[in-house]
Amino acid sequence: VTRAIRFAQREAVRTGAWHVVRFDVAAQSLLIYRLGANGAQDPGKKVIHPVSKAEYEISLRHVGQLASADFKYKTRPVTNTISFRPDGAPASFNAGIPAGDLLEVDGKVVLAQGNVQRSVAVARVTGRAAF
């Protein structure tokens, strides 16, 4: 999870385009994708995993359970996505705000297996992911 978040942030900087990591608790997976100019997922520019060379989508079932993913942006409700601006800063795309809607608090992804839980925190200012 930490590597995926870091990868998305680096890709945003490398390509100069917004990138998003979407966590799906129901499907127990994560997907990294690039945003188009309209702020929607760009189906023509899939993000490719550097090792598998397939679309960057990972099932988390083999590592336990994705318990939650919470990211709170300043003017939006809590969401299950972390997005990065082209400069690498964590922000939610907003056509009315060129710099995007910044994270209000650190983001958090929780993985669980049995009684054990592990969290990945995403710093609200830098986007640094750490566990």
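Note that the coordinates shown come from a computational prediction; the quantities given were computed from them, not determined experimentally.

Student: So what exactly am I meant to see when it comes to the side chain of aspartate 101 here?
Tutor: Along the chain, aspartate 101 falls in strand 8 (residues 101–102). At 3.4 Å, the side chain of aspartate 101 forms a polar contact with the backbone nitrogen of lysine 74. A distance of 2.9 Å separates the side chain of aspartate 101 from the side chain of threonine 75, its partner in a polar contact. Aspartate 101 has contacts with Tyr73, Lys74, Thr75, Arg76, Ala91, Ser92 and Asn94, leaving out every residue within four places of it along the chain.

Student: Could you clarify how one ought to interpret the pairing of strand 3 (residues 41–46) in this entry?
Tutor: Looking along a regular strand, one sees the side chains alternate between the two faces of the sheet. Direction of pairing for strand 2 (residues 29–35) relative to strand 3: antiparallel, over a ladder of two bridges. In the strand pairing of strand 3, leucine 35 is matched with glutamine 41.

Student: Help me out: how do you make sense of the pattern of salt bridges in this one?
Tutor: Any two side chains of opposite charge can pair, on the condition that their charged atoms come close. Per the stated rule, a full pass over the model turns up four salt bridges. One salt bridge in this structure joins arginine 14 and glutamate 11, with 2.8 Å as the shortest N-O distance. With arginine 14 and glutamate 11 both in helix 1 (residues 2–15) and three residues apart, this pair spans about one turn of that helix. Judged by its relative accessible area of 60%, arginine 14 is exposed. Residue classification places glutamate 11 among the buried positions, given a relative accessible area of 14%. For glutamate 104, the salt bridge is made with lysine 72, and the minimal N-O distance between the two is 3.8 Å. Of this pair, glutamate 104 sits in the loop between strand 8 and strand 9 (107–113) while lysine 72 is found in the loop between strand 5 (65–70) and strand 6 (81–84), placing the two residues 32 residues apart along the sequence. On the basis of relative accessible area, lysine 72 is assigned to the partly exposed category, the value being 22%.

Student: Just to check I follow, could you spell out the layout of surface pockets for this structure?
Tutor: One way to see where empty space is left: roll a probe the size of a water molecule over the atoms. Approximately 460 Å³ is the volume found for the largest pocket. Lining the largest pocket are 22 residues, and of these Val1, Thr2, Arg3, Leu60 and Val63 sit closest to its centre. Within the residue set of the lining of the largest pocket, elements represented by two or more residues are helix 1, strand 9 and strand 10 (116–122). Looking at which element gives the most residues to the lining of the largest pocket, the answer is helix 1, with five residues.

Student: Please clarify how the environment of glutamate 11 should be interpreted in this entry.
Tutor: A sequence separation of 73 residues divides glutamate 11 from phenylalanine 84, and the C-alpha atoms of the two residues are 9.0 Å apart. Glutamate 11 has contacts with Gly16 and His19, leaving out every residue within four places of it along the chain.

Student: Mind showing me how you'd approach empty space enclosed by the protein here?
Tutor: In the structure shown here, the tally under the stated rule is one cavity of 30 Å³ or more. Approximately 40 Å³ is the volume found for the largest cavity. Lining the largest cavity we find Ile32, Tyr33, Arg34, Gln41, Asp42, Pro43, Lys45, Lys46, Val47 and Glu55. Taken together, the elements giving at least two residues each to the lining of the largest cavity come down to strand 2 and strand 3. In terms of residues, the lining of the largest cavity owes the most to one element, strand 3, which gives five residues. Here the lining of the largest cavity is built from residues that sort into four nonpolar, one polar and five charged.

The rules behind these values
Residues numbered from 1 in each chain as written. Predicted model: local features only at pLDDT ≥ 70, side-chain atom pairs only at ≥ 80, totals over all residues. Heavy atoms only, no water. Helix = DSSP H or I, 4+ residues; strand = E, 2+ residues; numbered from the N terminus. Polar contact = N/O pair within 3.5 Å; in protein donor to acceptor, adjacent residues only side chain to side chain. Contact = heavy atoms within 4.5 Å. Pairing = 2+ DSSP bridges. Salt bridge = Lys/Arg side-chain N within 4 Å of Asp/Glu carboxyl O. Buried < 20%, exposed > 50% of the residue type's maximum accessible area, 1.4 Å probe, protein only. 1 Å grid on protein atoms, 1.4 Å probe; cavity = no way out; pocket = protein on both sides within 12 Å on 5 of 7 lines; lining within 4 Å. Points joined across faces, edges and corners; volume = space filled by probe spheres on them. Nonpolar A, V, L, I, M, F, W, Y, C, P; charged D, E, K, R; others polar.

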